[in-house]
2 protein chains.
Amino acid sequence: MRKVSFALAGAVLVATLAAGPVLADGHLEKAVEARNAQMSLYAWNLGMLGGMAKGAVEYDADKAKAAASNLAALTALSQQGMWPEGSDNFALEGKTRALPEIWTTYPAVSEKGKDLETAAARLAEVAGNGLDALKGGIGDVGKACGACHKQFRAPK
Amino acid sequence: MRKVSFALAGAVLVATLAAGPVLADGHLEKAVEARNAQMSLYAWNLGMLGGMAKGAVEYDADKAKAAASNLAALTALSQQGMWPEGSDNFALEGKTRALPEIWTTYPAVSEKGKDLETAAARLAEVAGNGLDALKGGIGDVGKACGACHKQFRAPK
């Protein structure tokens, strides 16, 4: 009888957590983690390309092409589920820099995403064609990053 | 003259850092961060697909197809620079679970990577064709994840 009560209490607890505030199951934090992972991979590949463009790393056509192709593929991924309502920096203080404007002005942010995808696709086409070609294509990618961050990301 | 000296000192400092111990610039940690980001995005997309396959989330053809396409694209990315020598769990204790066997048995790990890419590509072809098709394709992806982790990742 005692065991049954404990089991019931456990079931009630689980049901309560499931029905509780959205934050209880951590799905907003998981979404933040996923989009941060996506941004990390942008930064990783762009870092390589930027290093070559600035002359900090020697230009290598194959590596440049691979990094730019990565970036193009990453920017073209579906971000479904990564931006749920309530995952802004007001609701999740200290856990994200995503401004509420992402949601209040939606779909404006999608336009910025498209600009990045377009710039990355163009860069992927030319990044293997020499340092000058890389330099010529990387600027628009940087601009697209900056434009979105300026409007939709809180400063550190 | 003074300006020139400072510039020279700066140049020497940069050269020293570049030639210094590999760990000094944190590039191993950055590589670990990048591959962790890649794994996070695998998990994010696979989590969605697994949720549908298990019945925890309702099957949605478009979402399943998008998640599986994401996974296929992610597994096909170049991982150049992500696995530098010295970034195993012995050298970077507590910062990674990547076993030294990745490097001592190289290129065995690449075969595992190819298996995952193949399984993910097959899943992307069928994931939008109904729940049974999803269930039929997801098993091989899980097996490929597990096979690599078993051989090359330390337990938690």
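Source: prediction; values computed, not measured.

Visitor: Help me understand the overall build of chain A in this model?
Guide: For chain A, the helix and strand inventory stands at 6 helices and 0 strands. Put simply, chain A runs from its N terminus to its C terminus through helices and strands in the order α-α-α-α-α-α. Expressed as a percentage of the 156 residues in chain A, the buried residues total 36%. Sequence separation of 24 or more characterises 69% of the internal contacts of chain A that already satisfy a separation of 6 or more. When the accessible area of chain A is evaluated, it comes to approximately 9200 Å², of which 61% is carbon and sulfur surface.

Visitor: Looking at this model, I keep getting lost on the interface of chain A and chain B. Mind explaining?
Guide: Bring the parts together and some accessible area is lost; that lost area is often taken as the interface size. Taken together, the contacts link 21 residues of chain A with 21 residues of chain B. Here chain A packs against chain B, burying approximately 1700 Å² in sum over the two surfaces, 68% of which is carbon and sulfur. A per-residue breakdown of the area chain A buries against chain B is headed by Leu-41, Trp-44 and Gln-80 of chain A, which together make up 38% of the total. Across the contact surface, chain A and chain B share 0 salt bridges. Where chain A touches chain B, the interface holds 4 residue pairs in polar contact (both at pLDDT 80 or more). Secondary-structure elements contributing two or more residues to the side of chain A that touches chain B are α2 (27–54) and α3 (61–75) of chain A.

Visitor: Could you clarify how one ought to interpret helix α6 (residues 131–152) of chain A in this entry?
Guide: In an α-helix there are 3.6 residues to a turn, and that puts residues three or four apart on one side. All names here are of chain A. The end-to-end C-alpha separation of α6 is 32 Å, in line with the 32 Å expected for 22 residues at 1.5 Å each. Within α6, the full set of buried residues consists of Leu-134, Gly-137, Ile-138, Val-141, Ala-144 and Phe-152. In this structure, the buried residues of α6 make contact with α2, α3, α4 (101–104) and α5 (108–126).

Visitor: Looking at this structure, I do not really get the pattern of salt bridges. What am I missing?
Guide: Once the charged atoms of two side chains with opposite charge are near each other, the side chains can pair. Taken as a whole and judged by the stated rule, the model has 6 salt bridges over all chains. The salt bridge involving Lys-143 of chain A is made with Asp-140 of chain A; its shortest N-O contact spans 3.7 Å. Here Lys-143 of chain A and its partner Asp-140 of chain A are both found in helix α6, 3 residues apart, which amounts to about one turn of the helix. Asp-140 of chain A gets classed as partly exposed once you look at its relative accessible area, which sits at 39%. Across the salt bridge formed by Lys-114 of chain B and Glu-117 of chain B, the nearest N and O atoms sit 3.4 Å from each other. A residue pair is termed a helical-turn pair when its members lie 3 or 4 positions apart in one helix, as Lys-114 of chain B and Glu-117 of chain B do in helix α5 (residues 108–126) at 3 residues.

Visitor: How should I be thinking about the side chain of Asn-70 of chain B in this particular structure?
Guide: For Asn-70 of chain B, the position within the fold is in helix α3 (residues 61–75). Ignoring sequence-local partners within four residues, the contact set of Asn-70 of chain B consists of Leu-77 and Ser-78 of chain A together with Asn-45 of chain B.

What counts and what doesn't
Residues numbered from 1 in each chain as written. Chains lettered and ligands numbered in written order. Predicted model: local features only at pLDDT ≥ 70, side-chain atom pairs only at ≥ 80, totals over all residues. Heavy atoms only, no water. Helix = DSSP H or I, 4+ residues; strand = E, 2+ residues; numbered from the N terminus. Buried < 20%, exposed > 50% of the residue type's maximum accessible area, 1.4 Å probe, protein only. Contact = heavy atoms within 4.5 Å. Areas by Shrake-Rupley, 256 points an atom, 1.4 Å probe, with all protein chains shown as cover. Buried area = accessible area lost by both parts, 1.4 Å probe. Salt bridge = Lys/Arg side-chain N within 4 Å of Asp/Glu carboxyl O. Polar contact = N/O pair within 3.5 Å; in protein donor to acceptor, adjacent residues only side chain to side chain. Expected span 1.5 Å × (residues − 1).

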